[in-house]
Amino acid sequence: MATGTEPPATEDPHPSRGGVRTGTRAAIDAPHLRTDRWWLAPAATAAVLLAFIVYSTWRAFADTDYYAAPYVSPFYSPCLAERCEPMRHGPNWEIFGSWWGISPAIIILIFPLGFRLTCYYYRKAYYRGFWASPPACAVAEPHKKYTGETRFPLVLQNIHRYFFYAAIGVAGILTYDTVLAFRDEHYAWGHMGLGTLVFLANIVLIWAYTLSCHSCRHIVGGKLKHFSKHPVRYKAWQFVGKLNARHMALAWASLVSVALADFYVYLVASGAFDDPRLF
């Protein structure tokens, strides 16, 4: 049944256009028919992600004020260069020798940033926020051609699973850092400061975001034909599935928490703030 939106069979109404303006699509000249403020969500996404990029870039290249006993910034842990500040019992692994001349944070940040950049939710976030592909539901994208993730560089998104494995290791190391945060500035155990609570909140969110990953859900329960024959994996799959339903919220919460944890260490290490001791 005709709807009145079909172009004539022998005529392309937009011969010079591509993408959503081809003759095979509905002939609607308006970029969208939405009446709400659809642009608020992609604009807010772009603003928050841009703010995090600017902040993390500054802190990564600052190469200072990232350790104040017993706290180490999550941006600099584990520290893999000889030029790192010595951290007693901390994650000092001098894999990179004296030839490494720039900030040691550049080494380790590759893995958590790679995990987030290839994350299924974050793809949606920055595709909409920065590339307008598409900017929102029922809003035409401005690009004339769409190739998805079949070409470079977006084809690299397919290595997300391998970044997930690396993210598990990083989360484990940050857990170790959180345990070390139950010391005082003289490395005596059995103490808790405000920074300890900051680290605890951060590591809980980091683990929740990491385990809510779509790749984790597939690894835990994928390729199983009979859940009844694998009760442990089934229970794990159910748990990960519940987290996965909140993947977007956990992505944002963990992004904010890791930045706050780093900023807290910066304030303490720079002398701008004294870590209050709870006991």
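Residues numbered from 1 in each chain as written. Predicted model: local features only at pLDDT ≥ 70, side-chain atom pairs only at ≥ 80, totals over all residues. Heavy atoms only, no water.

Looking at this structure, I do not really get the overall build of the protein chain. What am I missing?
A tally of regular secondary structure across the protein chain gives eight helices and four strands. Secondary structure of the protein chain in N-to-C order comes out as α-β-β-β-β-α-α-α-α-α-α-α. A total of 279 residues make up the protein chain; the buried ones form 40% of that total. (Helix = DSSP H or I, 4+ residues; strand = E, 2+ residues; numbered from the N terminus. Buried < 20%, exposed > 50% of the residue type's maximum accessible area, 1.4 Å probe, protein only.)

Looking at this model, I keep getting lost on the state of the cysteines. Mind explaining?
Using the criterion set out here, one finds one disulfide in the structure. Through a disulfide, C79 is tied to C84; the S-S separation comes to 1.9 Å. Taking the sign of the S-S torsion, -90° for the link of C79 and C84, the bridge is left-handed. Take C79 and C84: they sit in the same class, and that class is buried. Of the cysteine sulfurs around C213, a residue in no disulfide, the closest is that of C119, at 6.3 Å. (Disulfide = S-S within 2.5 Å.)

Which parts of the structure should I look at to understand the nonpolar core?
Here is a general trend for soluble globular proteins: nonpolar side chains tend to be buried in one another's company. In terms of nonpolar packing, the biggest core is built from 48 residues, with L49, F75, F115, Y121, Y122 and Y209 touching the most fellow members. Leaving out residues up to four positions away in the same chain, Y121 has contacts with H247, M248, A251 and W252. Residues A68, Y71, A181 and V268 belong to the second largest nonpolar core, which totals seven residues. (Core = buried A, V, L, I, M, F, W, Y, C linked by side-chain atoms within 4.5 Å. Contact = heavy atoms within 4.5 Å.)

Explain unusual backbone geometry to me, please; I cannot follow it from the model alone.
It is generally the case that most residues other than glycine have a negative phi and that most peptide bonds are trans. S77 connects to P78 through a cis peptide bond whose omega is 0°. Inspection of the secondary structure assignment puts P78 in the loop between β2 (71-72) and β3 (79-81). Residue P134 is bonded to the preceding S133 through a cis peptide linkage, with omega at -15°. At D65, a position not held by glycine, the phi torsion is positive, near 55°. Mapping D65 onto the fold places it in the loop between α1 (40-62) and β1 (67-68).

Would you explain the packing of aromatic side chains in this entry?
Think of a pair of aromatic rings as described by two things: how far the centres are apart, and how the planes are tilted against each other in angle. Across all of its chains, the model carries 27 aromatic pairs by this definition. Each ring, one from W99 and one from W100, has its centre 5.6 Å from the other, and the planes form 80°; the classification is edge-to-face. For W100, a relative accessible area of 16% puts it in the buried group. (Phe/Tyr/Trp six-rings, centres within 6.5 Å; stacked < 30°, edge-to-face > 60°.)

Any chance you could explain the pattern of salt bridges here in plain terms?
A side chain of one charge can pair with a side chain of the opposite charge if their charged atoms are brought near each other. A full pass over the atoms with the stated rule returns six salt bridges. With its nearest N and O atoms 2.7 Å apart, the salt bridge here joins R34 to D36. Under the relative-accessibility criterion, R34 is labelled partly exposed at 28%. In this structure, R277 engages E185 in a salt bridge whose closest nitrogen and oxygen atoms are separated by 3.7 Å. With R277 in the segment after α8 (247-269) and E185 in the loop between α4 (160-180) and α5 (194-211), this pair connects stretches of sequence that are 92 residues apart. (Salt bridge = Lys/Arg side-chain N within 4 Å of Asp/Glu carboxyl O.)

How do you make sense of the side chain of N202 when you look at a structure like this?
Mapped onto the fold, N202 is located in helix α5. By relative accessible area, which is 5% here, N202 ends up buried. A distance of 2.8 Å separates a polar atom in the side chain of N202 from a polar atom in the side chain of S257. Excluding its chain neighbours within four sequence positions, the residues that come into contact with N202 are S254, S257, V258 and A261. (Polar contact = N/O pair within 3.5 Å; in protein donor to acceptor, adjacent residues only side chain to side chain.)

Just to check I follow, could you spell out the confidence of the model for the protein chain for this structure?
Reading fine detail from the predicted coordinates is not recommended where pLDDT is low. For the protein chain, per-residue confidence averages 88 on the pLDDT scale, and residues scoring 70 or more make up 90% of the total. Ranking the elements of the protein chain by mean pLDDT puts strand β4 (residues 92-96) last, at 85, and α5 first, at 98. (pLDDT = per-residue confidence, 0-100.)

Explain helix α2 (residues 105-117) to me, please; I cannot follow it from the model alone.
Three or four residues apart is the spacing at which side chains of an α-helix point the same way, because the helix has 3.6 residues per turn. An ideal rise of 1.5 Å per residue puts 18 Å on 13 residues; α2 measures up with 17 Å between its terminal C-alpha atoms. Maximum bend of α2: about 30°, positioned at F111, with proline P112 one to four residues after it. (Expected span 1.5 Å × (residues − 1). Bend = angle between axes of the 7 residues up to and from the residue.)

When you look at the packing of α1 against α8 in this model, what are you seeing that I'm missing?
Two quantities define a packed helix pair, namely the angle between the axes and the distance from one axis to the other. Look at α1 against α8: their axes get within 11 Å of each other, and the N-to-C directions meet at 30°. Read as a crossing pair, α1 and α8 show a hand that is left-handed. Listed contacts from α8 to T45, V48, L49, F52, Y55, W58 and R59 of α1 are W252, L255, V258, A259, D262, F263 and Y266. A breakdown of the residues in the contact of α1 with α8 according to their chemical character gives eleven nonpolar, one polar and two charged. (Axes fitted to C-alpha atoms, helices over the stretch in contact; angles between N-to-C directions. Left-handed = near helix turned anticlockwise from the far one by under 90°. Nonpolar A, V, L, I, M, F, W, Y, C, P; charged D, E, K, R; others polar.)

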